[in-house]
Amino acid sequence: MTLTLNHYLLVSGLLFAIGFAGVMFRRNIIIIFMCLELMLNAANLSLVAFSRFNLVNGLPNYNAQVLVFFIITVAAAEVAVGLAIIVALYRARQTTHVEDINSLKF
Amino acid sequence: MSPILFYLFAALTLVFAVAVVANRNPVASALCLVVSFLGLAALFVGLDAYFIAVIQVLVYAGAVMVLFLFIIMLLDLKAEERRKINLPGYVGGGLVAVAFIAQLWFILGRFTAGHAPFPPLAQENVDDVHNVGMTLFSTHNLPFQVIGALILVATIGVVVLSKRELK
């Protein structure tokens, strides 16, 4: 029983599927936001796995790890802005339930 | 990484990810997300990406989740009462998620490069932070500075958004 790249890719895909299902299932905007973070982390896991399994001169491919670093940074900025928007929304409408926010609905 | 540890941490990550979706209480969801991120950090250590694992714990399990918990406390969210069942969401989301996993299973079965075991590293102890830093500041110098500008813009945006009234 040895670990292969496919093990990591499968875990990454399952994590992405759970995050996606969460975005579709839940109606609380904060939980939807947490599920988005799960999906970003699934992408990070597959990038790090590819970096470890595609060696360059016997070292992991560090370009992938730098990309993961960028993803984490952008995700942190995204969380800050997104939560500020949610707070502004809560102030205006007193709800975090996406079905109560339907002014733009056709 | 020993297979037992891999299965342990992969199960930890996935089980607590499911708990994030299944919990009705937002605070419990956020705490489950912290455990899920810690499991993921352990998987990164198993892949010899020590720097990324540390960043994952510091930034995600630390800063981002504190921000989430802070906002949940600030908004004073109760566990959401059971509303009418969101049937199109459940059916559509479930179908797409299952279809995605099925496709992934099918593709990974044929992905021959993915069946190879761990290739051995050239050195026993890789100087991980040094190598990531060298790549970051030489090959990816411009994107790094753009990220700095992005964070500045995000900070200003957050300050503007959280002002009560704009003048």
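Our subject is the structure listed above.
Criteria and thresholds
Residues numbered from 1 in each chain as written. Chains lettered and ligands numbered in written order. Predicted model: local features only at pLDDT ≥ 70, side-chain atom pairs only at ≥ 80, totals over all residues. Heavy atoms only, no water. Helix = DSSP H or I, 4+ residues; strand = E, 2+ residues; numbered from the N terminus. Rg over C-alpha atoms; globule rule 2.2 N^0.38 Å. Salt bridge = Lys/Arg side-chain N within 4 Å of Asp/Glu carboxyl O. Buried < 20%, exposed > 50% of the residue type's maximum accessible area, 1.4 Å probe, protein only.

## Considerations on the overall build of chain A
No. 1: Broken down by element type, chain A carries three helices and zero strands.
No. 2: Listing the helices and strands of chain A from first to last along the sequence gives α-α-α.
No. 3: For 106 residues, the compact-globule estimate of 2.2 N^0.38 gives 13 Å, and the C-alpha radius of gyration of chain A, at 18 Å, exceeds that figure by more than 25%.
No. 4: If you line up chain A on its principal axes, its C-alpha atoms span 55 × 30 × 25 Å.

## Re the pattern of salt bridges
No. 1: As enumerated under the stated definition, the model contains two salt bridges over all chains in all.
No. 2: Note that A:Arg27 and A:Glu99 form a salt bridge whose closest N and O atoms lie 3.4 Å from each other. Separated by 72 residues along the polypeptide, A:Arg27 in the loop between helix H1 (5-25) and helix H2 (29-53) and A:Glu99 in the segment after helix H3 (62-93) bring together distant segments of the chain.
No. 3: Accessibility expressed as a relative area gives 19% for A:Arg27, which makes it buried.
No. 4: For A:Glu99, a relative accessible area of 34% corresponds to the partly exposed category.
No. 5: Residue B:Asp48 pairs with A:Arg52 through a salt bridge whose shortest N-O separation is 2.7 Å. On the criterion of chain membership, the pair formed by B:Asp48 in the loop between helix H2 (26-46) and helix H3 (50-75) and A:Arg52 in helix H2 is interchain, its members lying in two chains.
No. 6: Classification of B:Asp48 as buried rests on a relative accessible area of 17%.
No. 7: Look at A:Arg52 and you get buried, because its relative accessible area is 6%.

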